[in-house]
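# Descriptive structure summary
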Amino acid sequence: MLHGTQTIGDNGNLWIGGVDTAKLAQVFGTPLYIYDTALIKEKIRTFKDAFAAYAHLDWQVAYASKAFSTVAMVQLVRDFGLSLDVVSGGELYTALKAGFPREKIHFNGNNKSDEELALALDAEIGAVIVDNFHELNTLERMCSARSQEMDILLRVTPGVEAHTHEFIMTGQDDTKFGFNLDNGSAEEAVRLAVQSPHLVPKGIHCHIGSQIFEPEAFVQAIRTVYRYAGEWKERVGFVMDVLNVGGGFGIRYTAADHPLSVKQYIDPIVAATKSASRDHGLPVPAIWIEPGRSIVGEAGTTLYTLGSSKEIPGVRKYISVDGGMADNIRPALYQADYESVVANRASEPADETVTVAGKCCETGDVLIKNAKVPKTSTSGDLLAVFCTGAYGYSMASHYNRLPNPAVVFVEEGEATLVVRRESYADLIRNDLPLKTLSCHE
Ligand code: LLP
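Okay, so let's go over this structure.

Rules used in this analysis
Residues numbered from 1 in each chain as written. Predicted model: local features only at pLDDT ≥ 70, side-chain atom pairs only at ≥ 80, totals over all residues. Heavy atoms only, no water. Near = heavy atom within 4 Å. Polar contact = N/O pair within 3.5 Å; in protein donor to acceptor, adjacent residues only side chain to side chain. Areas by Shrake-Rupley, 256 points an atom, 1.4 Å probe, with all protein chains shown as cover. Nonpolar A, V, L, I, M, F, W, Y, C, P; charged D, E, K, R; others polar. Domains from an automatic or database assignment. Helix = DSSP H or I, 4+ residues; strand = E, 2+ residues; numbered from the N terminus. Buried < 20%, exposed > 50% of the residue type's maximum accessible area, 1.4 Å probe, protein only. Contact = heavy atoms within 4.5 Å. Core = buried A, V, L, I, M, F, W, Y, C linked by side-chain atoms within 4.5 Å. Pairing = 2+ DSSP bridges. Axes fitted to C-alpha atoms, helices over the stretch in contact; angles between N-to-C directions. Phe/Tyr/Trp six-rings, centres within 6.5 Å; stacked < 30°, edge-to-face > 60°. Lys NZ or Arg CZ within 6 Å of the ring centre and 35° of its normal. Parallel < 35°, antiparallel > 145°, perpendicular 65-115°, else oblique. Left-handed = near helix turned anticlockwise from the far one by under 90°. Expected span 1.5 Å × (residues − 1). Salt bridge = Lys/Arg side-chain N within 4 Å of Asp/Glu carboxyl O.

## What to know about the site of the ligand
The full set close to the ligand counts 17 residues, and Glu-290, Arg-293, Arg-330, Tyr-334 and Tyr-391 are the nearest of them. Here an oxygen atom of the ligand sits 2.8 Å away from a polar atom, N or O, in the main chain of Gly-248. Between the ligand and the protein, one listed contact pairs an oxygen atom with a side-chain N or O atom of Tyr-391 at 2.6 Å. Considering the ligand on its own, with 580 Å² of exposed area, one finds that the protein chains cover 87% of that surface. In terms of residue class, the shell around the ligand is made up of five nonpolar, six polar and six charged. No fewer than three residues from each of domain 1 (7-30 + 299-427) and domain 2 (37-296) sit in the shell around the ligand.

Take a look at the structure:
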């Protein structure tokens with residue numbers, strides 16, 4: 001199934017952004033991460049339009065950069081006016097180096113180090129999303145030492161667990177993230193934040209899961225937050241200026257996925273927030289969201305070269321590619337499904353079922369269990385795996401000392417290299433010879 005600007009050219013090859021993928025393989029080599037930037041822009045626009053439909057609503061869409069963070073990607077997000085969610089010093093550093101407006105950066109995470117918080121305070125970012133009491137104390141102490149104020153949101157756990165088409169109300173959460181609502185931790189955190197001389201509590205944050213296809217899960221999370229937060233004006237003198245409902249909007253990895261339109265998520269989120277505010281006699285807060293996968297997932301394609309194959313009669317046929325779990329850990333880690341096409345035979349009938357294996361020394365390094373390919377496919381052909389734009393590059397490893405692939409952006413017939421392919425020399429760049437070991441009593 002094709003996405004965005006993908007087409008099958010007259011030459012029978014897969015084209016993306018007006019560029020022949022065979023040409024991309026020739027110029028940049030494989031494995032190669034290819035991003036259809038027109039599709040990324042379209043996704044961004046869709047989120048912005050869904051909110052812009054509400055005249056008097058204050059909102060922010062923060063791209064969750066954990067899905068795919070590079071300098072060029074952050075700059076694209078900057079140019080299209082989104083905010084940015086970072087979850088580590090590394091993502092924050094990338095954002096700052098990319099020239100992202102600091103006041104539109106939000107910092108999430110359950111164990112931010114003092115060093116990371118210092119980087120955020122130095123940069124005077126827009127908001128820190130405080131996850132626990134340790135962080136609340138540390139941040140107050142650091143702000144006090146610097147005589148600096150910082151806007152914060154407090155992350156809470158509304159007890160909604162959303163997984164694809166189902167969600168469950170768990171009530172009491174068992175998660176490392178956030179303040180529990182049920183046991184009073186969240187209210188205690190709000191009380192401390194309100195009393196804090198340097199922290200400015202702007203609002204509440206929650207994130208309920210990934211690949212959510214059920215908008216009702218967001219609605220339930222919002223209602224639960226209000227069940228508690230609705231009382232906090234009276235009880236602790238706190239009114240939410242901001243409600244951040246996180247990310248998790250589902251995408252179409254395979255034909256089996258049927259995601260809703262962005263509007264079908266945003267409308268119920270806005271409606272639930274408005275009605276809960278009305279019910280509690282509170283002003284409607286600004287609504288923030290943090291989509292990652294839904295901005296970049298479908299826009300990314302990984303291009304591999306086919307190498308060896310192995311047929312086990314009556315069992316299956318394996319075909320191996322020149323990458324695998326090092327550039328896409330999701331099938332091995334989450335049993336994630338992907339679709340593919342032999343990019344230089346895209347117009348031929350895909351009449352054979354094969355298992356696409358990676359090249360890592362691990363039996364579980366299988367990218368696609370039952371891929372359809374033309375019978376004629378052979379070593380040297382190109383395999384394009386679709387929908388690898390989120391959590392592919394960002395979760396890549398050097399397992400088996402495989403260098404990380406290059407990343408190209410394609411649009412309107414042009415390809416731009418945005419991350420160079422790693423070399424073997426890059427792999428040992430920080431290695432030191434045995435003799436330099438020096439730590440004596
Ligand atoms: N906000 C927060 C607080 C999050 O924890 C996440 C994802 C997001 C936003 C963005 O969620 P998205 O819109 O991308 O679903 N590695 C896994 C996904 C882990 C997501 C963790 N948090 C995967 O490959 O599916």
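## Some words on the environment of Glu-362
In this structure, Glu-362 sits in the loop between β20 (352-357) and β21 (366-373). Residue Glu-362 is classed as partly exposed on the basis of its relative accessible area of 40%. In the structure, Glu-362 is positioned 217 residues away from Ala-145 in sequence and 50 Å away in space, judged by C-alpha atoms. Those residues in contact with Glu-362, other than ones at most four positions away along the chain, are Met-325 and Tyr-399.

## With respect to the nonpolar core
If you look at the biggest cluster of nonpolar residues, it comprises 92 residues, and the most contacted ones within it are Tyr-63, Leu-139, Ile-152, Leu-154, Ile-204 and Val-296. A per-element tally of this core places helix α8 (residues 215-229) first, with eight residues. There are two domains that each give this core at least three residues, and those are domain 1 (7-30 + 299-427) and domain 2 (37-296). Among all residues touching Ile-152, those that are not within four sequence positions of it are Val-128, Val-130, Leu-136, Leu-139, Ala-193, Leu-199, Val-200, Pro-201, Lys-202 and Gly-203. Ile-34, Val-342, Val-356 and Cys-387 belong to the second-largest nonpolar core, a separate cluster that totals 36 residues.

## A few points about the pairing of strand β10 (residues 160-163)
Residues Val-160 and Ala-162 line the buried face of β10, whereas the alternating positions Glu-161 and His-163 sit on a face that is not buried. Bridge analysis of β10 against strand β11 (residues 166-169) gives four bridges, and the strand direction is antiparallel. Looking at β11, one finds that Glu-161 is bridged to Ile-168. Relative to strand β14 (residues 209-210), β10 is paired through two bridges, and the arrangement is parallel. Among the inter-strand pairings, Ala-162 is bridged to a residue of β14, identified as Gly-209.

## With respect to the sheet that holds β11
The three strands lie next to each other as β11-β10-β14, forming an open sheet whose pairing is mixed. For this open sheet the edge positions go to β11 and β14, each flanked by a neighbour on one side alone. Its contacts with the sheet put α8 on β10 and β11, and the angle it makes with β11 is roughly 20 degrees.

## Focus: the packing of aromatic side chains
Considering all chains together, one arrives at 13 aromatic pairs under this definition. Where Phe-133 meets Phe-179, the ring centres are 4.9 Å apart and the plane angle is 75 degrees; that geometry is what we call edge-to-face. Here the residue Phe-133 occupies a position in helix α6 (residues 133-146), and Phe-179 occupies one in strand β12 (residues 179-180), the gap between them amounting to 46 residues. By relative accessible area, Phe-179 is classed as buried at 2%. A centroid spacing of 5.3 Å and a plane angle of 70 degrees characterise the contact between Phe-249 and Tyr-265, whose relative ring orientation is edge-to-face. Linking Phe-249 in the loop between β15 (242-244) and α10 (262-279) with Tyr-265 in helix α10, this pair joins segments that are 16 residues apart in sequence. Take Phe-249: its relative accessible area is 2%, and that puts it in the buried class. Members of the aromatic cluster, connected to one another through ring pairs, are Tyr-33, Tyr-35, Phe-68, Tyr-393 and Phe-409. A cation over an aromatic ring shows up here: Lys-112 above the ring of Phe-107, its NZ or CZ 5.6 Å from the ring centre.

## Topic: helix α4 (residues 89-97)
For α4, every residue scored as buried is listed here: Gly-89, Glu-91, Leu-92, Thr-94 and Ala-95. Lining the buried residues of α4 we find α3 (71-79), β6 (83-86), β7 (105-107) and α5 (114-123). Following α4 by one or two positions, Gly-99 has its phi on the positive side, about 80 degrees.

## Describing the packing of α5 against α6
Where α5 contacts α6, the axes come no closer than 11 Å and their chain directions differ by 50 degrees. Comparing their axes, α6 and α5 come out oblique. The two elements α5 and α6 cross, and the hand of that crossing is right-handed. From α5, Asp-114, Leu-117, Ala-118, Leu-121 and Asp-122 reach across to α6, where they touch Glu-135, Thr-138, Leu-139, Arg-141, Met-142, Cys-143 and Arg-146.

## Brief notes about the side chain of Ser-69
Note that Ser-69 resides in the loop between β5 (59-64) and α3. Residue class for Ser-69 comes out buried when judged on its relative accessible area of 17%. Look past the residues within four positions of Ser-69 in its chain and what remains in contact with it is Val-74, Glu-91, Thr-94 and Tyr-393.

## Structural notes on α8
Helix length check: α8, at 15 residues, gives a terminal C-alpha distance of 21 Å against a target of 21 Å (1.5 Å per residue), a fit within 8%. By the criterion of burial, α8 is predominantly enclosed, with 11 of the 15 residues buried.

## Considering unusual backbone geometry
Omega for the peptide link from Thr-30 to Pro-31 comes to -10 degrees, which places this bond in the cis form. Relative to the assigned elements, Pro-31 resides in the loop between α1 (21-28) and β4 (32-36). Phi is positive for Arg-401, which is not a glycine, with a value near 50 degrees. Mapped onto the elements, Arg-401 comes out in the loop between β22 (382-386) and β23 (406-411).

## Things to note about the pattern of salt bridges
Applying the stated rule across the entire model yields 17 salt bridges. For Glu-187, the salt bridge goes to Arg-191, with nearest N and O atoms at 3.4 Å. Of this pair, Glu-187 and Arg-191 both sit in helix α7 (residues 185-195), separated by four residues, roughly a single helical turn. Exposure remark for Glu-187: the relative accessible area of 15% places this residue in the buried category. With a relative accessible area of 31%, Arg-191 lands in the partly exposed category. Notably, a salt bridge pairs Glu-352 with Lys-317, separated by 3.5 Å at the nearest N-O pair. One end of the pair, Glu-352, is in strand β20; the other, Lys-317, is in strand β18 (residues 316-321), and 35 residues separate them in sequence. The residues Glu-352 and Lys-317 share a single accessibility class, namely buried. Taken together, the salt bridges that share partners define one network made up of Glu-187, Glu-188, Arg-191 and Arg-235.

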